[in-house]
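# Reading the structure
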Amino acid sequence: MRCAVLGDPVDHSLSPVLHRAAYDALGLAGWTYEAVRVPGGTLAELLRGLDSSWRGLSLTMPLKRELLGLAGEVTARARLAGAANTLVLGPDVAPGGLADNTDLPGAAAAVRERWSGGVDDVVVLGGGATAASTALALVDEGATRVRVLARSPQRAAETVDAVRAHPSAPQVEALALPTLPVRADVVVSTVPVAAQTPELVALLEAPVLFEVLYDPWPTPLARTAAERGAVLVGGLDLLVHQAALQVALFTGQDAPLEVMRAAGERALVARARG
């Protein structure tokens, strides 16, 4: 069976490392997992060319929202997020595949692995698909207020609308990047390192930082949060938990979470060594 992660860029993805480690541990010798560059706007063409050997796809930017209009069936959580990062293919799902979003439960599991306290007030940096998924995950965990901070609040409208549509009806607003200190129970960062200026980092305070990046590591936000003694949830935590859920969807077996985490950690150490 063939699986892959699609996106643009995609060469940096750790998903092949995690999935291959899982398939090996599960004894799935005939399963493969590759990284395939797929620019935005070309996903439909690729999907039409897939044969019956394909079982599952992981989707990263810029394809997470594009997939929703192409899959045969879409789960409720993917529709809520307005994005899907997973497509399950095969005779046991609808023609065109089942689109799901494992970022939501993966983010919740990543946070709860390290933090059992309250998450009522959440600040999210960035307004893309990952921002929507992580915010929704925290609303699932009890958040009632979500502030989305973006360089252009108007561009975060899709994310705000998605979070606001959650059945628990959280208070959601899009705001410009702050000029005064911002405090919350959890700060989620979905922005690149280049956007994590010293001025911005100094203004954000929370007992928990959820940094969705994993390379380079630590990011400026992660380094400062650690120095302040905050609980740090990293991008590898998110990646491992959401990938484990994908493995279960693709294979029908429980994923070997710790095997996958160890493989990811080794890969990051190897990258750091050059």
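Residues numbered from 1 in each chain as written. Predicted model: local features only at pLDDT ≥ 70, side-chain atom pairs only at ≥ 80, totals over all residues. Heavy atoms only, no water.

## Overview of the sheet that holds strand 1 (residues 2-7)
Judged by pairing direction, the sheet is mixed, and its six strands sit side by side in the order 2-1-3-5-6-4 without closing on themselves. Where the open sheet ends on each side, the last strands, each with one partner, are strand 2 (32-37) and strand 4 (73-74). Of the strand pairs in this sheet, strand 1 and strand 3 (residues 54-59) are connected by five bridges, and their pairing is parallel. Pairing of Val5 across the sheet is with Ser58, part of strand 3. Along the sheet, helix 1 (residues 15-25) contacts strand 1, strand 2 and strand 3; its crossing angle with strand 2, the most-contacted strand, is approximately 165 degrees. (Pairing = 2+ DSSP bridges. Helix = DSSP H or I, 4+ residues; strand = E, 2+ residues; numbered from the N terminus. Contact = heavy atoms within 4.5 Å. Axes fitted to C-alpha atoms, helices over the stretch in contact; angles between N-to-C directions.)

## Concerning unusual backbone geometry
Cis rather than trans, the peptide bond between Asp8 and Pro9 has omega equal to 5 degrees. Following the sequence through the fold, Pro9 ends up in the loop between strand 1 and helix 1. Omega for the bond connecting Met61 with Pro62 falls within 30 degrees of zero, at 5 degrees, which places this linkage in the cis form. One can find Pro62 in the loop between strand 3 and strand 4. Of note in the backbone geometry, Ala169 takes a positive phi value of approximately 55 degrees without being a glycine.

## Focus on the layout of surface pockets
Its boundaries defined by the atoms lining it, the largest pocket holds a volume of some 1200 Å³. Along the walls of the largest pocket sit 43 residues, with Met61, Thr130, Thr190, Val212 and Leu213 positioned nearest its centre. Listing elements by their share of the lining of the largest pocket, those giving two or more residues are strand 3, helix 5 (129-140), strand 8 (145-150) and helix 9 (235-251). Of the residues forming the lining of the largest pocket, the biggest block, five residues, is contributed by helix 9. Here the residues of the lining of the largest pocket are counted per class, giving 21 nonpolar, 15 polar and seven charged. Of the pockets and cavities examined, the second largest pocket occupies roughly 250 Å³. Tyr214, Asp215, Trp217, Leu236 and Leu268 are the residues nearest the centre of the second largest pocket, which is lined by 17 residues in total. Looking at the lining of the second largest pocket, the elements with two or more residues in it are helix 9 and helix 10 (257-272). Counting residues per element, the lining of the second largest pocket draws most heavily on helix 10, which supplies six residues. Its residues placed into classes, the lining of the second largest pocket shows nine nonpolar, two polar and six charged. (1 Å grid on protein atoms, 1.4 Å probe; cavity = no way out; pocket = protein on both sides within 12 Å on 5 of 7 lines; lining within 4 Å. Points joined across faces, edges and corners; volume = space filled by probe spheres on them. Nonpolar A, V, L, I, M, F, W, Y, C, P; charged D, E, K, R; others polar.)

## Overview of the pattern of salt bridges
By the definition in use, this model includes 16 salt bridges. Of the charged contacts in the structure, one is a salt bridge between Asp103 and Lys64, with a shortest N-O distance of 2.8 Å. Pair noted here: Asp103 is in helix 4 (residues 103-114) and Lys64 is in the loop between strand 3 and strand 4, with a separation of 39 residues, a long-range link. Asp100 is paired through a salt bridge with Arg77; the nearest N and O atoms lie 2.8 Å apart. Of the two residues, Asp100 is situated in strand 6 (residues 98-100) and Arg77 in helix 3 (residues 76-81); the sequence distance between them amounts to 23 residues. (Salt bridge = Lys/Arg side-chain N within 4 Å of Asp/Glu carboxyl O.)

## Here we look at the pairing of strand 13 (residues 208-211)
A two-sided burial pattern is seen for strand 13, the buried positions comprising Val208 and Phe210 on one face and Leu209 and Glu211 on the other. Here strand 13 pairs with strand 14 (residues 231-233) via three bridges, running parallel. Along strand 14, the bridge assignment pairs Val208 with Val231. Handedness of the strand 13-helix 8 (residues 220-227)-strand 14 crossover: right-handed. (Buried < 20%, exposed > 50% of the residue type's maximum accessible area, 1.4 Å probe, protein only. Right-handed = clockwise from strand over helix to strand, strands pointing away.)

## A short note on the packing of helix 5 against helix 6 (residues 157-164)
Running from N to C, helix 5 and helix 6 cross one another at 20 degrees; their axes reach a closest spacing of 9 Å. Of the possible angle classes, the one that applies to helix 5 and helix 6 is roughly parallel. Note that helix 5 runs across helix 6; the crossing there is right-handed. For the pair helix 5 and helix 6, the contacting residues are Ala131, Ala132, Ala135, Leu136 and Val139 in the first and Thr159, Ala162 and Val163 in the second. Among the residues forming the contact of helix 5 with helix 6, the class breakdown is seven nonpolar, one polar and no charged. (Parallel < 35°, antiparallel > 145°, perpendicular 65-115°, else oblique. Left-handed = near helix turned anticlockwise from the far one by under 90°.)

So far we have only geometry, and geometry alone does not tell us how the molecule works.
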